[in-house]
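Summary of structural features
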Amino acid sequence: MNRLQSEPFHTRARAALGNEQQRGALRKAIASIKERQLKVVARMDDWEQLRERARSIKDETLRRLDYYLEEFATKAERAGAKIHWARDAIEACSIICRIAQERDARSVVKSKSMASEEIKLNAALTAAGVEPVETDLGEWIIQLAGETPSHISVPAIHKTKAQVADLFAAKLGIERTDDIAALTNTARNTLRRRFAAADLGISGVNFGIAETGTILILENEGNIRLTTSLPKTHIALMGIEKVIPQLDDLDVMLKLIAPSGAGQRMTTYQSLITGTKKRRCDEGPEEVHIVLFDNGRTQMLAHPVTRQTLACLRCGACLNVCPVYQQIGGHAYGSVYPGPIGAVITPQLIGLSKASHLPFASSLCGACAEVCPVKIDIPELLLHLRAEIAEGSPNSAGADARGEKTPSRWGKERLAFRLWARVMSNRLLYEWSVRVARALQRKLVRDGQIRKPDRTAAGMMPPLMMAWTAQRDLRPVARQTFREQWRDELKKSKGGARHK
Amino acid sequence: MSTQSSGEARRAILASIRRNLKASQPHDARRDGNAFQLSRATPQGLQSLPSGSTDPGVTTDSASRVAEFRRRLESVGASCSVFQHEHEAASELERLIQEAGARRIAVSDAPLLKTIISHVNTGTKLLSEEAVLAGELFECEIGITSAQWGIAETGTLVLESERERHRLTSLIPPVHIAVIAAQRIVGTMSEALARVRGQGRDDLSRAVTFITGPSRTADIELTLALGMHGPRALHVLVISDDSNNMLSSAGEIKEW
């Protein structure tokens, strides 16, 4: 996965901040999701116990991942599914393309799958002469627009209904309307024809149950049920971390993922598919293929802090509460997975040096950790990754090609902190520095703050301060430090006075 | 060729898992020994995991289960009516058919439906499932099925593919009418999963579908729209009489 765009993160972020329309749309949408989520969760007395239990289930599974994966594969095969293993994105794409080509599949319907975005499946299929059609409304909208999803559970969250209306009118040649029910109906009728004609259906997997070899896929629209029951062949793409031990574990998982992902008590449809149909005359596909892929997941098992990354349910709850995501939206992250979870998954999947800016795209407020249904401690993970980057772990060796976090910058930061430590640990040096700063700052203080300087004063400000004041004000050094005030007070009340 | 490389990939992935888990052991040992666990779960075998949550609000009384089931369904935009007798349900079916102005209706092969349908008077063409191909289903305005289980705490219908042929009939037509016996409504998701899992190795149907309300989307400006790909209307008819002899004299369900 090397989807990161060519501009550095701060450039993209700045551009996103300048896009008032997108910020407005995103803000409105996120406020709405959050309100629903809070309402649903507030009505669940056992929410915290559910989170705790889910985290236990995930921890247990990940610590014996090889056992559970093998059990899942065995049971699924016994029920007639064909299991494929792929070490990376390229292998996964090639397996799926081969299956499609062997069955001479021309038209493929796809349901929403972050995994398929991660491995860039659509591009691979198109290159292989197979046309993949997205069927989830949000995904179809962005496919028509030639864009990528900006949110894990609401892919077209950044689009207003006016924009969708324009898009449909332009791409489908229909009369322009921005009535949402009408737009939905247009999508339904157009996509229905595709379902009827499809040779092959491709889906993701939310959970794989080891006990029975079952895959569970959840949705609200119904396109997954159509994708997995109408075409003759069904291919399910499943990250190896999706496996859970028992069917009964779904009770906990389903009760967490619906409120977290969509602010609902329960998503509309769950399809539990075990192998293939027993008799030829039964409903459903003739073949079910499950492609298990790694693509960088197994290396996250090597440390308890990073291992929790694999507990992620891809619900998107962390995005909705993240102050950074809310302002800049998903595309600014430049990676398939945006927001808090994206900031920790992407560097681990593609290498710290290629995504070193992401763990820093956070204020460490911790809102994400509070809402995560499986209690992933994202701030802990961010700090862990930041430490790895700062210490120059093997992953982050060498300068980043795009110059985002070059060694010289790290050198400058290290120098600055060393200087700071020197000054702070020597009283005389500290007091002297304060006096010097007070003298030098005179020209830079306006209205009681050190602000971004105008042209005339710009030359007086050191580069570090320029960077700081570009977005923040700096409090100036006081006319009298506390120590100086204290000394003066003591002098005044000398003779008999006691200090408290 | 492909099996060979898949075998290679399988070995490589499993080996990578084992290798990385092994590398994690010293870090895990340090954390597990730490007195301050915070919210970290200690590693335990499956057996010692705490039992699943049960919603204290759901009782084991049949009438209150039905009431809860109905309340939940209505809150997600489905309609739910309870009938004492099959012929009452038949009247409701007639009403729904007329309301939808339906010309073609698909009916699944559920035994529960056979008697009810026989009471229904309508000029509409009823297609039984054997005769219906997927293509024809696209022309039907209503699909009528039964459900094997209902879950009170979530307002969910559970459809098992081995018990009835209803996978597409419950999905393709824009209106779905589901008939369910009151005794089939269990209290919790956990109970339903246990029923579906069954006792034997092969009891689990190849396709089990959970349905909680009509199809919906909020992908455009987070505004709710019903009937995206699945049915835009779901009507559930609960039958609480025993004229189809679902219960034995001891009050146990005779057949799963």
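As a starting point, this report considers the structure included with it. (Residues numbered from 1 in each chain as written. Chains lettered and ligands numbered in written order. Predicted model: local features only at pLDDT ≥ 70, side-chain atom pairs only at ≥ 80, totals over all residues. Heavy atoms only, no water.)

**As for the overall build of chain B**
Across its full length, chain B holds 6 helices and 12 strands. Every one of the 256 residues in chain B was classed for burial, and the buried ones make up 52%. For chain B, the accessible area works out to roughly 11700 Å², and carbon and sulfur atoms hold 51% of it. (Helix = DSSP H or I, 4+ residues; strand = E, 2+ residues; numbered from the N terminus. Buried < 20%, exposed > 50% of the residue type's maximum accessible area, 1.4 Å probe, protein only. Areas by Shrake-Rupley, 256 points an atom, 1.4 Å probe, with all protein chains shown as cover.)

**Brief notes about the interface of chain B and chain A**
Taken together, the contact pairs 83 residues of chain B with 105 residues of chain A. Regarding the contact of chain B and chain A, the summed buried area is about 8100 Å², with carbon and sulfur atoms giving 55% of it. Linking chain B to chain A there are 9 salt bridges. In this structure, the salt-bridge partner of E70 of chain A is R18 of chain B, at a minimum N-O distance of 3.3 Å. Remark: the boundary between chain B and chain A carries 42 residue pairs in polar contact (both at pLDDT 80 or more). Among the secondary structure elements, those contributing two or more residues to the side of chain B that touches chain A are helix 1 (2–33), helix 6 (189–197), strand 9 (207–211) and strand 10 (216–217) of chain B. The dominant element in the side of chain B that touches chain A, judged by the number of residues it contributes, is helix 1 of chain B, at 20 residues. (Contact = heavy atoms within 4.5 Å. Buried area = accessible area lost by both parts, 1.4 Å probe. Salt bridge = Lys/Arg side-chain N within 4 Å of Asp/Glu carboxyl O. Polar contact = N/O pair within 3.5 Å; in protein donor to acceptor, adjacent residues only side chain to side chain.)

**A few points about the nonpolar core**
Grouped together as the largest cluster of nonpolar side chains are 109 residues, with contacts concentrated most on L250 and I290 of chain A. The residues contacting L250 of chain A, other than those within four sequence positions of it, are F207, I209, L216, I244, K255 and L272 of chain A together with L193 of chain B. Of all hydrophobic cores here, the second largest spans 28 residues; its members include V133, L167 and L226 of chain A together with C140 of chain B. (Core = buried A, V, L, I, M, F, W, Y, C linked by side-chain atoms within 4.5 Å.)

**Points about helix 5 (residues 89–102) of chain A**
All names here are of chain A. Its 14 residues place the ends of helix 5 20 Å apart at the C-alpha level, agreeing with the 20 Å of an ideal helix rising 1.5 Å per residue. For helix 5, the complete set of buried residues consists of A89, E91, A92, C93, I95, I96, C97, I99 and A100. The N-cap of helix 5, judged by a side-chain oxygen 3.2 Å from the amide nitrogen of I90 a few residues on, is D88. Residue D104 follows helix 5 closely and has a positive phi angle near 55 degrees. (Expected span 1.5 Å × (residues − 1).)

**Thoughts on the packing of helix 3 (residues 86–100) of chain B against helix 4 (residues 111–119) of chain B**
All names here are of chain B. Two elements in contact, helix 3 and helix 4, have axes whose closest approach is 8 Å; the angle formed by their N-to-C orientations is 65 degrees. Of the possible angle classes, the one that applies to helix 3 and helix 4 is roughly perpendicular. Crossing of helix 3 against helix 4: the hand is right-handed. Residue-level contacts link E86, H87, A89, A90, L93 and E94 of helix 3 to T115, I116, I117 and H119 of helix 4. Residue composition of the contact of helix 3 with helix 4, by class: 5 nonpolar, 3 polar and 2 charged. (Axes fitted to C-alpha atoms, helices over the stretch in contact; angles between N-to-C directions. Parallel < 35°, antiparallel > 145°, perpendicular 65-115°, else oblique. Left-handed = near helix turned anticlockwise from the far one by under 90°. Nonpolar A, V, L, I, M, F, W, Y, C, P; charged D, E, K, R; others polar.)

**Comments concerning the packing of aromatic side chains**
Each aromatic ring pair is specified by the distance between its two centres and by the angle formed by the two planes. All names here are of chain A. If you walk through the whole model with that rule in mind, you get 4 aromatic pairs over all chains. Considering the side-chain rings of F482 and W486, the 5.9 Å spacing of their centres and the 35 degrees angle between planes classify their relative orientation as tilted. A residue pair is termed a helical-turn pair when its members lie 3 or 4 positions apart in one helix, as F482 and W486 do in helix 23 (residues 482–492) at 4 residues. Looking at R225, its charged tip hangs above the ring of Y269, at a distance of 4.8 Å from the centre. (Phe/Tyr/Trp six-rings, centres within 6.5 Å; stacked < 30°, edge-to-face > 60°. Lys NZ or Arg CZ within 6 Å of the ring centre and 35° of its normal.)

**Observations regarding the packing of helix 12 (residues 249–262) of chain A against helix 6 of chain B**
Where helix 12 of chain A contacts helix 6 of chain B, the axes come no closer than 9 Å and their chain directions differ by 135 degrees. Here helix 6 of chain B runs oblique to helix 12 of chain A, going by the angle between their axes. For the crossing formed where helix 12 of chain A meets helix 6 of chain B, the hand is right-handed. Contacts between helix 12 of chain A and helix 6 of chain B involve L250, D251, L254 and K255 of chain A on the former and, on the latter, M189, S190 and L193 of chain B. Broken down by class, the residue content of the contact of helix 12 of chain A with helix 6 of chain B amounts to 4 nonpolar, 1 polar and 2 charged.

**Some words on the sheet that holds strand 3 (residues 131–134) of chain A**
Residues and elements named next belong to chain A. If you trace the 6 strands from one edge of the open sheet to the other, you get 1-10-7-4-2-3, paired in parallel fashion. Both edges of this open sheet fall to strand 1 (82–86) and strand 3, since each of them pairs with a single strand only. Across the sheet, the mean angle from the axis of one strand to that of its neighbour is 25 degrees, orientation sign disregarded. Sheet topology note: the strand 2 (residues 107–110)/strand 4 (residues 200–203) ladder contains 3 bridges and is parallel. Across the sheet, residue K110 finds its bridge partner in strand 4, namely I202. Strand contacts of helix 4 (residues 65–78): strand 1, strand 7 (233–239) and strand 10 (287–293), with the helix running at about 145 degrees to strand 1, the strand carrying the most contacts. (Pairing = 2+ DSSP bridges.)

**Focus: the sheet that holds strand 8 (residues 185–186) of chain B**
Strand order in the open sheet formed by 8 strands is 8(A)-5(A)-6(A)-9(A)-9(B)-6(B)-5(B)-8(B), and the pairing between neighbours is mixed. Of all strands in the sheet, those with a lone pairing partner are strand 8 (243–244) of chain A together with strand 8 of chain B, marking the two edges. Both strand 5 (residues 207–209) of chain A and strand 8 of chain A contribute to a ladder of 2 bridges, which runs parallel. Each residue of the ladder has a partner; that of I209 of chain A, found in strand 8 of chain A, is I244 of chain A.

Scope: geometric values only; no functional claims are made or implied.
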